[in-house]
Amino acid sequence: MGKLFSIGEVLIDFIPHQKGIALKDVESFTRVPGGAPANVAAAVAKLGGTASLITKVGQDAFGDFLLEQLEEIGVRTDKIIRTKEANTGLAFVSLREDGERDFSFYRNPSADLLLEDTEIDGDWFQRGDILHFGSVDLVESPMKGAHVKAIQAAKWQGGMISFDPNVRLPIWDDPQHCRKTILEFIPMAHLVKISDDELEFITGITSQEQAIASLFTGDVKAVVLTKGAKGADLFVQDEVYRSAGYSVAVEDTTGAGDAFTGGFLYQLLDLDTGQHNLEATLSEHHEQLLAFANASGALATTGKGAISALPVKTEVLGLMKKTTGS
């Protein structure tokens, strides 16, 4: 079974104790580990896979906390570098009554953005591995160059590239800069996961069919369109495979998309999926892949925080079995 490598931010999410009020009115928070690439790595590790995070954290108490939390859940932290040049990133979150979120980021810069391309070792990657990344750490910084080097190195070794744009506009100086950067990196990926509320912004196309088609550029072989509680659609070549979501009691949607992605990538690793057989694997196993990922994402919404709410494999399979009645 190959390994997952996730590159990008790991930070502290401060989750409010009160729902349904503006961030400025929140009086108290709970500290939890977060950051989309870290969430995906944690999801894979908690499901039983091998996952490493490539990033930097500060020489501070928050960095200590994040390393402890990641190691406890099973994420390999040997590729996380400590620095005194910047602090560990923070994100304050406010929750609406429906569990959806607003973010306020504190990173100008944060330690993760200081990872240099010279600190990426191409020998980390092997054939059968997956490198996953998002867009939050693609702002102009040394970390952007580190992404490019890691992507090129993983491809050279025969690894597969997964990209979830995961748009967070508050961290960008201009929305169009965000969009342009995402469009720059999409062709580098083999698999693109995108949410239905990001599709038009990223592509600039109102027609969903045409917007999805525009994403098949460069090395892209497949696109997963997530639709929250409504499930997800998988697009491979000229085929589309649709799936329904799972009905659960939602507490907090933080990290649900990352749990979905982690569940999907864990299954691909378990099926020995690589560049050479991605399309064939998706076509043959689409029902299993989407059901497992949807269940992973749904279960992650039933607790608070991202990493702390991730399900284990038995819970995912239990929800799938309960829903199908088999």
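Just above, that's the structure.
Structural notes, computed from the coordinates. (Residues numbered from 1 in each chain as written. Predicted model: local features only at pLDDT ≥ 70, side-chain atom pairs only at ≥ 80, totals over all residues. Heavy atoms only, no water.)

Digging into the environment of alanine 244
Stated formally: Numbering goes from the N terminus for both helices and strands, where a helix is a DSSP run of H or I of at least four residues and a strand is a run of E of at least two. Relative accessibility decides the category of a residue: with a 1.4 Å probe and only protein chains considered, values under 20% of the type maximum give buried, values over 50% give exposed, and everything between is partly exposed. Contact definition: two residues touch when any of their heavy atoms are within 4.5 Å.
Of note, alanine 244 is situated in the loop between β13 (239–243) and α7 (256–270). Take alanine 244: its relative accessible area is 57%, and that puts it in the exposed class. When the C-alpha atoms of alanine 244 and alanine 295 are compared, they prove to be 10.0 Å apart, with 51 residues separating the residues in sequence. Beyond its immediate sequence surroundings of up to four residues, alanine 244 is in contact with Lys230, Gly231 and Asn294.

Some remarks on the packing of helix α3 (residues 142–156) against helix α4 (residues 175–185)
In a pair of packed helices, the angle between the axes and the distance between the axes together describe the arrangement. Our working definition: Angles here are taken between N-to-C directions and fall from 0 to 180 degrees, while the axes themselves are lines fitted to C-alpha atoms, restricted in helices to the stretch in contact. Roughly parallel means an angle under 35 degrees; roughly antiparallel means over 145; roughly perpendicular covers 65 to 115; every other angle is labelled oblique. A crossing counts as left-handed when the near helix is turned anticlockwise from the far one by less than a right angle, and as right-handed when that turn is clockwise. When residue character is reported, Ala, Val, Leu, Ile, Met, Phe, Trp, Tyr, Cys and Pro are called nonpolar, Asp, Glu, Lys and Arg charged, and the others, Gly included, polar.
The contact between α3 and α4 brings their axes to 12 Å, and the two run at 15°. With respect to each other, α3 and α4 are oriented roughly parallel. Seen along the crossing, α3 lies across α4 with a hand that is right-handed. Taken together, the residues of α4 that come into contact with α3 (itself represented by Lys144, His147, Val148 and Ile151) are Thr181, Glu184 and Phe185. The class makeup of the residues in the contact of α3 with α4 is three nonpolar, two polar and two charged.

A few points about the packing of aromatic side chains
Using the following cut-off: Note on aromatic pairs: the rings of Phe, Tyr and Trp (six-membered ring only in Trp) are paired at centre separations within 6.5 Å, and the planes decide the class, stacked below 30 degrees, edge-to-face beyond 60, tilted for the rest. We call a charge positioned over a ring when the NZ of a Lys or the CZ of an Arg lies within 6 Å of the ring centre and within 35 degrees of the ring normal.
Across all of its chains, the model carries eleven aromatic pairs by this definition. Where phenylalanine 14 meets phenylalanine 29, the ring centres are 6.5 Å apart and the plane angle is 85°; that geometry is what we call edge-to-face. In this pair, phenylalanine 14 is assigned in strand β2 (residues 11–16) and phenylalanine 29 in strand β3 (residues 29–34), connecting sequence segments 15 residues apart. A relative accessible area of 13% places phenylalanine 14 in the buried class. Consider the rings of phenylalanine 14 and phenylalanine 62, whose centres lie 6.0 Å apart with planes at 85°: the pair is edge-to-face. Of the two residues, phenylalanine 14 sits in strand β2 while phenylalanine 62 sits in helix α2 (residues 61–73), which places them 48 residues apart along the sequence. Within the aromatic cluster, the residues linked to one another by ring pairs are Phe14, Phe29, Phe62, Phe92 and Tyr106. Here arginine 31 stacks its cationic end above the ring of phenylalanine 65, 3.8 Å away from the centre of that ring.

Here we look at unusual backbone geometry
Cis peptide bonds are those with omega within 30 degrees of zero, and the linkage from asparagine 108 to proline 109 qualifies with -10°. For proline 109, the position within the fold is in the loop between β7 (101–106) and β8 (130–134). Here the phi dihedral of asparagine 166 falls at roughly 45°; this positive angle occurs in a residue that is not glycine. Residue position: asparagine 166 is located in the loop between β9 (160–164) and α4. On the basis of relative accessible area, asparagine 166 is assigned to the buried category, the value being 12%. For aspartate 272, which is not a glycine, the phi torsion comes out positive at approximately 55°. Its location among the elements puts aspartate 272 in the loop between α7 and α8 (278–300).

Let's talk about the sheet that holds strand β10 (residues 191–195)
Filter applied, for reference: Should DSSP find at least two bridges between two strands, the strands are taken to pair.
Pairing in this open sheet of nine strands is mixed, and the strands run β5-β4-β1-β8-β9-β10-β11-β12-β13 from one edge to the other. Only two strands of the sheet have a single neighbouring strand rather than two, namely β5 (80–83) and β13. Between one strand axis and the next, the sheet turns by 15° as a mean value, whatever way the strands run. Contacts from α2 reach β4 (51–58) and β5, with the element oriented near 165° to β5.

What to know about the packing of helix α1 (residues 36–47) against α7
Direction vectors running N to C along α1 and α7 enclose 50°, while the axes themselves pass 8 Å from each other. The angle between α1 and α7 falls in the class oblique. The hand of the α1/α7 crossing is right-handed. Two secondary-structure elements touch here, α1 through Ala36, Asn39, Val40, Ala43, Val44 and Leu47 and α7 through Asp258, Ala259, Thr261, Gly262, Gly263, Leu265, Tyr266 and Leu269.

Just distances and angles here, no functional claims.
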